[in-house]
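Structure at a glance
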Amino acid sequence: MRKGILAAAAAVACVLWLSSCSDNRFRRLDAILGQEEDIDACVRRRTDSLTLLFNAAGPDSLRFRFAEQLYDEWRHLNLDSCNRYTDEMLRYAGSDSSRILSSRAALVRTLTRRGDLSGAVEVFKALEIPSNASERDIDTYFYIATRLVSQLNRTTIDSLLSMKALADDYLSRSGPTYKALLFKVKELRYYGNPDEALDVVKSIPVDEIEDVHYRSTYYMSICSIYIEKDDPVSAMDWCVKSAECDLGSGMKDYFSLYLLARLLFKEGDTERAVRYMNRAVRDALIYNYPLGMQRSVSALNYMNAAIFDLHRKQRIFLWLGILLVSLFLLILLFINSRMLRRVRRVNNMYRQSQSELRSVSLIKDHMLGEYMGLASNYIYEVDERRSAYRKMLKEEGPEALARVFREPSFADSEFPRYCDNFDKIFLEIFPDFIEKLNVLMPEGAKFEKTPEGGLTSQLRILALIRLGICDSSRISVILHISKGTVYTYRSVMRQSALVPETFEDDVQGIGIL
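Residues numbered from 1 in each chain as written. Predicted model: local features only at pLDDT ≥ 70, side-chain atom pairs only at ≥ 80, totals over all residues. Heavy atoms only, no water.

**Remarks on the overall build of the protein chain**
Put simply, the test is: Each helix is a run of DSSP H or I of at least 4 residues and each strand a run of E of at least 2, with the numbering of both proceeding from the N terminus. Any two residues having at least one pair of non-hydrogen atoms within 4.5 Å are treated as being in contact.
The helix and strand inventory of the protein chain stands at 25 helices and zero strands. Taking the contacts inside the protein chain whose residues are at least 6 apart along the sequence as the reference set, 63% of them involve residues at least 24 apart.

Set out below in structure tokens:
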């Protein structure tokens, strides 16, 4: 008996020690998150000082220098200000080849952040490294090549440039500097050589990297390699270091905290993951650029995945309750109640995240509000079903419960309600959508609602296109119809329109002032 008690005590101590180690990993990052106001104030003082110098500067060369410094500050803080000082750099670049390269490189980065990748590619193609290029000019050129590659698909990259040729050119021009070696690491990862990439990046002495953004890139490169090698534990350690650099410098357009939150979701640390994701979403809204909006949607998807995972665990616990003795059932109910509390906490964080996203636009605000209501109803429906199954098991026995599980799929019966909810929400946001859509169609091809006042399958496809979901594969999954049907509907509607060439663009413009 005494040995059993000692063993249990040792197990508890081990669990507490592991928990303490886990918290220690995030202690410095959590402290940085708590210093947000101080960090932002420091950044504001720096930008305000540079703004005064820029406004007081006389010669174009001096105004260009301060505009470039302001751009370097704002490019990680706010896209609108970044765009402004890009224009200022272009205005005062003059005929100096180094200034022209720097200003056009800034334009490539700005276009990339705005989501205008085709424009960024065109500007990049026209860039040339001056014959008398300085080390800074070389670093600038290859840095924007790295940023551009990060946003393009593989086909576009291969048609535009050769990663290996770029990496070799960079090393031949600048030597094995840490910036050139980090570019080489990206090239090795691009061609599927994570082990060699890891050797190269770990050969870089991190203490020599004074630029905090490059230090963050160093840590993120190692993190990405470990993810490719399917080692999430090591990946998380390096991702934490990258996030510390990003948040400590006041950046708003980082990726590290998003990635860290996703890794925490997979590890099961839901509360910390949601907290980090909320901060990341809020910073993306402050930065105000398309990639941040995409990450916001990604944040919601991961939160939804966390709730789904909790529901799955509840179903597993329910099955175990059916098979085990009453004592184990009581233990199960206790665990289940704790998990429900966790779900409520996650939902509260959901509501907080929804409140942060409200400023993006009226459409996103309304859609997220309805989504939260549906998610909450689904949680309580699951809870009610669980209670009903328990009651059925107690009063009617296992056979009655088995009959319930042989009934048709729950999803099949719920999908019509899902469509009705979508129609209701969409028509509340765009009450005159069908009338404005019919302006684009000739007589005999105009659309009408269903007898129940909802949307037809064709109208739902156009509604999703209006919301920015234009990929036929995604539309087919969302509407539960085949991809071929989506292609057919889109082709028929486009050919029937008054102006087929711009029909879907015109649909996306409905409701925009």
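**Focus on the pattern of salt bridges**
A side chain with one charge may pair with a side chain of the opposite charge, provided their charged atoms come close. As a reminder, the rule being used: Only one rule defines a salt bridge in this text: a Lys or Arg side-chain nitrogen within 4 Å of an Asp or Glu carboxyl oxygen. Accessible area is worked out with a 1.4 Å probe on protein chains only. A residue is then buried under 20% of its type maximum, exposed over 50%, and partly exposed in between.
For the structure shown, the criterion picks out 29 salt bridges. Between Lys229 and Asp195 there is a salt bridge; the shortest N-O distance is 2.4 Å. With Lys229 in the loop between helix H12 (212-228) and helix H13 (232-248) and Asp195 in helix H11 (residues 194-202), this pair connects stretches of sequence that are 34 residues apart. Looking at Asp195, the relative accessible area reads 46%, which means it is partly exposed. With a shortest N-O distance of 2.7 Å, Arg490 and Glu504 are connected by a salt bridge. Of this pair, Arg490 sits in helix H24 (residues 483-496) while Glu504 sits in helix H25 (residues 503-508); the two residues are 14 residues apart in sequence, bridging distant segments of the chain. The class for Glu504 is buried, based on a relative accessible area of 16%. Among the charged side chains, a network of salt bridges with common partners joins Glu36, Asp40, Lys252, Arg279, Arg282 and Asp283.

**Topic: the packing of aromatic side chains**
For the record, the criterion: Any pair of Phe, Tyr and Trp rings, taking the six-membered ring for Trp, is counted once the centres come within 6.5 Å. Such a pair is stacked with planes under 30 degrees apart, edge-to-face with planes over 60 apart, and tilted for the rest. Any Lys NZ or Arg CZ found within 6 Å of a ring centre and within 35 degrees of that ring's normal is scored as a charge over the ring.
What the rule picks out here adds up to 17 aromatic pairs. With a centroid separation of 5.4 Å and 25° between ring planes, the pair formed by Phe124 and Tyr141 is classed as stacked. In this pair, Phe124 sits in helix H6 (residues 117-125) while Tyr141 sits in helix H7 (residues 135-151), placing the two residues 17 residues apart along the sequence. The same class applies to Phe124 and to Tyr141, which are both buried. The interplanar angle of 40° and the centroid separation of 5.0 Å between the aromatic rings of Phe426 and Phe430 together place this pair among those described as tilted. A relative accessible area of 1% means that Phe426 is categorised as buried. Of the aromatic side chains, those joined through ring pairs into one cluster are Phe124, Tyr141, Phe142, Tyr170 and Phe183. Note that Arg99 overlies the ring of Phe64, its terminal NZ or CZ placed 5.7 Å from the centroid.

**Observations concerning the side chain of Ser102**
Turning to its location among the elements, Ser102 is positioned in helix H5 (residues 97-114). Leave out the neighbours within four places in its chain, and Ser102 touches Phe64, Glu68, Met89 and Thr140.

**A few points about the nonpolar core**
Selection criterion: Take the buried residues of types Ala, Val, Leu, Ile, Met, Phe, Trp, Tyr and Cys, join any two whose side-chain atoms come within 4.5 Å, and each joined set is a nonpolar core.
Judged by nonpolar contacts, the single largest core of 74 residues is most densely connected at Val201, Tyr218, Leu257, Leu260 and Tyr276. With residues near it in sequence (within four places) discarded, Leu260 still touches Phe26, Leu29, Met236, Cys239, Val240 and Tyr276. By size, the runner-up hydrophobic cluster in this structure holds 28 residues, among which are Phe422, Phe426, Leu455 and Val507.

**A short note on the packing of helix H10 (residues 178-190) against H12**
The condition that has to hold: The axes used here are C-alpha line fits, helices contributing only the stretch in contact, and every angle between their N-to-C directions lies in the interval 0 to 180 degrees. When describing relative orientation, an angle under 35 degrees is termed roughly parallel and one over 145 degrees roughly antiparallel, while 65 to 115 degrees is termed roughly perpendicular and anything else oblique. The handedness criterion is simple: a crossing whose near helix is rotated anticlockwise from the far helix by less than a right angle is left-handed, and one whose near helix is rotated clockwise is right-handed. For this classification, the nonpolar set comprises Ala, Val, Leu, Ile, Met, Phe, Trp, Tyr, Cys and Pro, the charged set comprises Asp, Glu, Lys and Arg, and every other residue, Gly included, is treated as polar.
Following both chains from N to C, one finds H10 and H12 inclined at 20°, their axes separated by 11 Å at the closest point. Between H10 and H12, the angle falls in the class roughly parallel. Like other packed secondary-structure pairs, H10 and H12 cross with a definite hand, here left-handed. Listed contacts from H12 to Tyr178, Lys179, Leu182, Val185 and Arg189 of H10 are Tyr214, Thr217, Tyr218, Ser221, Ser224, Ile225 and Glu228. Along the lines of polarity and charge, the residues of the contact of H10 with H12 split into six nonpolar, three polar and three charged.

**Side note on the environment of Leu320**
Tracing the backbone through its elements, the reader meets Leu320 in helix H16 (residues 290-323). Looking at Leu320, the relative accessible area reads 31%, which means it is partly exposed. With 12 residues separating them along the chain, Leu320 and Leu332 place their C-alpha atoms 8.1 Å apart.

**Digging into the side chain of Asn78**
So the rule is basically this: The term polar contact refers here to a pair of N or O atoms within 3.5 Å; inside protein, the definition further demands a hydrogen-donor-capable atom paired with an acceptor-capable atom, and it admits residues adjacent in sequence only when both atoms are side-chain atoms.
With respect to the helices and strands, the residue Asn78 is situated in the loop between helix H3 (60-74) and helix H4 (79-92). In this structure Asn78 comes out as buried when scored by relative accessible area, which is 15%. A distance of 3.1 Å separates the side chain of Asn78 from the backbone oxygen of Ile286, its partner in a polar contact. Every residue in contact with Asn78, bar those within four places of it in the chain, is listed here: Ile286 and Tyr287.

**Some remarks on H5**
Using the following cut-off: Working rule for helices: expected span equals 1.5 Å times residues minus one.
Along its 18 residues, H5 runs 26 Å from first to last C-alpha, staying within 8% of the 26 Å computed at 1.5 Å per residue. Buried within H5 are the following residues: Leu101, Ser102, Ser103, Ala105, Ala106, Val108, Arg109, Thr110, Leu111, Thr112 and Arg113. The N-cap of H5, judged by a side-chain oxygen 3.0 Å from the amide nitrogen of Ser98 a few residues on, is Asp96. Residue Gly115 follows H5 closely and has a positive phi angle near 90°.

**Re unusual backbone geometry**
Phi at Asp230 takes a positive value of approximately 60°, unusual for a residue other than glycine. By the element assignment, Asp230 lies in the loop between H12 and H13. Overall, Asp230 belongs to the exposed group, its relative accessible area being 67%.

**Describing the confidence of the model for the protein chain**
This is how it is decided: For every residue, the predictor assigns a confidence score, pLDDT, that lies between 0 and 100.
Looking at the protein chain as a whole, the pLDDT averages 80, with 81% of positions reaching at least 70. Ranking the elements of the protein chain by mean pLDDT puts helix H8 (residues 154-160) last with 58 and H13 first with 92. Considering only residues more than four positions removed or in separate chains, one finds that residues 11-21, a stretch of pLDDT under 50, has zero contacts. pLDDT under 50 marks residues 356-360. Its contacts with residues more than four places away, or in other chains, come to 11 contacts.

**Quick word on the environment of Ser61**
In this structure, Ser61 sits in helix H3. In this structure, the C-alpha to C-alpha distance between Ser61 and Gly94, residues 33 residues apart in sequence, is 8.3 Å.

**Quick word on a nonpolar patch on the surface**
Condition: To count toward a patch, a residue needs a relative accessible area above 30% and no salt bridge. Like charges then connect within 9 Å, nonpolar side chains (Val, Leu, Ile, Met, Phe, Trp, Tyr) within 5 Å. Only the protein chains shown count as cover for residues, and all accessible areas are computed by the Shrake-Rupley method using a 1.4 Å probe.
Taken together, the side chains of Val325, Leu327, Leu330, Ile331, Phe334 and Ile335 present a nonpolar region at the surface, about 600 Å² in accessible area. In this structure, Leu330 sits in helix H17 (residues 326-357). Taking relative accessible area as the criterion, Leu330 reaches 56% and is therefore assigned exposed.

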